[in-house]
Amino acid sequence: MAKLPGVTLSSCEKPMPVIGMGTCSFPPADLETTKTAIIEAIKAGYRHFDTAFAYGSEKPLGEAIVEALTLGLIMSRDELFITTKLWSSFAERDQIVPACKMSLQNLQLDYIDMYLIHWPVRLTGRVRSMPVEKDAIKPLDVKGVWEGMEECVKLGLTKGIGVSNFSCKKLEEVLAVATIPPAVNQVELNPTWQQKELREFCKAKGFEITAYSPLGANNTKWGDNRVMDSDVLAEIAKSRGKTVAQVALRWVYEQGVSLVTKSYNKERMKQNLQIFDWSLSGEELEKISQIPQRKGVTLASVLGPHDLVLELDAEV
Ligand SMILES: NC(=O)c1ccc[n+]([C@@H]2O[C@H](COP(=O)([O-])OP(=O)(O)OC[C@H]3O[C@@H](n4cnc5c(N)ncnc54)[C@H](OP(=O)(O)O)[C@@H]3O)[C@@H](O)[C@H]2O)c1
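Computed from a predicted structure; not experimentally measured.

A. Structural detail: the sheet that holds strand 5 (residues 81–86). One closed barrel accounts for 8 strands, arranged 3-4-5-6-9-10-11-12; its pairing is parallel. Strand-to-strand twist across the sheet, computed as the mean angle between neighbouring axes with direction ignored, equals 30 degrees. Of the strand pairs in this sheet, strand 4 (residues 48–50) and strand 5 are connected by 3 bridges, and their pairing is parallel. Note on strand 5: the bridge partner recorded for Asp50 is Thr83.

Dropping the structure here:
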């Protein structure tokens, strides 16, 4: 497997492989299943792994890295790019460094490559089940939280910092207080939620967009099958001898963004990497641009339809 293309980030020295393996599974996979899938992904050529405190996949990822080193699949941890995320229950100035250290402990690592604010909200206390009570959701203290994120960089806990699920408006708020601008904004992006406005904004400001749910998170609680069942994508896939998943992932890549996609199936994870030696035609791109648009992953579906949450979901 040839080395995957990398992207240069604005405030992180290490290039990020343009495609990463997601580790949020539905139904939640057990530790051994996740660890085995990650080792298979390393064998298949993945070098970027996307996890989060909230997914419960930091520990199996850490164990998989130890095993990959023991097996000689990688020579050094530095060959990997590890992204993890600050959970909203810890999104307060004085809790960020401890939360980052907790993730490092789970991952058995000395440093993270990219640490993201998972969602632009704060949850009070230790929320244990979803949806949450209205009172548990608070606006994010952008200044305090970003200071905490920057402190993680200064302490060497992470190489880069960024955000996830941030609108143009929320990104402006971060920029107004940042001394280190966010390198990445990880958001839902796929042929059925193309995010044109946000893409243009991020390009102009120098933020890398990483697309999550590029296949629409089919067969999960948070996604749907609109991408995988799209007639437009199916027709293109048939005529090109590709799968619908490959057409969707290639389209995402051709939008000039990086992506994280999840498969714990050995064949599908390999298939998902085979998107770099062909391209979509102008006519095919035009057809995909006409696909009806609707956001798939909403904060309201996770936290409940509370006013602040609905407001955030409505922002572009
Ligand atoms: N920042 C955030 O708030 C956020 C939100 C959601 C997701 N994410 C991250 O992004 C990653 C990817 O997004 P996602 O998991 O939501 O969705 P996704 O990658 O769009 O889709 C994953 C689903 O597609 C299936 N699949 C994968 N490759 C396939 C193929 N070639 N053909 C048919 N089905 C295929 C997977 O099943 P199999 O495993 O059985 O192949 C799984 O059910 C997550 O794992 C997570 O790391 C971040």
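Anyway, onward from the coordinates.
B. Inspection of empty space enclosed by the protein at higher detail. Taken as a whole and judged by the stated rule, the model has 1 cavity of 30 Å³ or more. As a volume, the largest cavity reaches approximately 250 Å³. In terms of lining, the largest cavity is formed by 19 residues, of which the most central are Asn165, Phe166, Lys295, Leu312 and Glu315. Residues belonging to the lining of the largest cavity are distributed by class as follows: 11 nonpolar, 3 polar and 5 charged.

C. Representation of the pattern of salt bridges. Evaluated as defined, the whole model comprises 18 salt bridges. For Asp224, the salt bridge is made with Arg294, and the minimal N-O distance between the two is 3.7 Å. Taken together, the residues Asp224 in the loop between strand 11 (208–212) and helix 7 (231–240) and Arg294 in the loop between helix 10 (282–289) and helix 11 (299–303) connect sequence positions 70 residues apart. Sharing partners across several salt bridges, the network here consists of Arg93, Lys143, Glu147 and Glu151.

D. A look at the side chain of Ser103. Following the sequence through the fold, Ser103 ends up in helix 3 (residues 96–107). Apart from residues no more than four positions distant in its own chain, Ser103 is found in contact with Phe53, Glu58, Thr84 and Ile112.

E. Just the layout of surface pockets, in detail. Here the second largest pocket is characterised by a volume of approximately 350 Å³. Counted by class, the lining of the second largest pocket contains 9 nonpolar, 2 polar and 4 charged residues.

F. Here's a closer look at the site of the ligand. Close contacts around the ligand come from 30 residues, with Asp50, Leu215, Asn218, Lys262 and Ser263 the closest. Measuring from an oxygen atom of the ligand, one finds a side-chain N or O atom of Ser263 at 2.6 Å. Contact between the ligand and Asn272: a nitrogen atom at 2.9 Å from a side-chain N or O atom of the residue. Relative to its unbound accessible surface of 900 Å², the ligand loses 90% to contact with the protein. For the shell around the ligand, the secondary structure elements donating two or more residues are strand 12 (258–261) and helix 9 (266–271).

G. Geometry of the environment of Gln108. When you line up the elements, Gln108 lands in the loop between helix 3 and strand 6 (112–117). Residue classification places Gln108 among the partly exposed positions, given a relative accessible area of 48%. Along the sequence, Gln108 and Glu63 sit 45 residues apart, while their C-alpha atoms lie 7.7 Å from each other. Among all residues touching Gln108, those that are not within four sequence positions of it are Gly62, Glu63 and Val66.

Rules behind the numbers
- Residues numbered from 1 in each chain as written.
- Predicted model: local features only at pLDDT ≥ 70, side-chain atom pairs only at ≥ 80, totals over all residues.
- Heavy atoms only, no water.
- Pairing = 2+ DSSP bridges.
- Helix = DSSP H or I, 4+ residues; strand = E, 2+ residues; numbered from the N terminus.
- Axes fitted to C-alpha atoms, helices over the stretch in contact; angles between N-to-C directions.
- 1 Å grid on protein atoms, 1.4 Å probe; cavity = no way out; pocket = protein on both sides within 12 Å on 5 of 7 lines; lining within 4 Å.
- Points joined across faces, edges and corners; volume = space filled by probe spheres on them.
- Nonpolar A, V, L, I, M, F, W, Y, C, P; charged D, E, K, R; others polar.
- Salt bridge = Lys/Arg side-chain N within 4 Å of Asp/Glu carboxyl O.
- Contact = heavy atoms within 4.5 Å.
- Near = heavy atom within 4 Å.
- Polar contact = N/O pair within 3.5 Å; in protein donor to acceptor, adjacent residues only side chain to side chain.
- Areas by Shrake-Rupley, 256 points an atom, 1.4 Å probe, with all protein chains shown as cover.
- Buried < 20%, exposed > 50% of the residue type's maximum accessible area, 1.4 Å probe, protein only.

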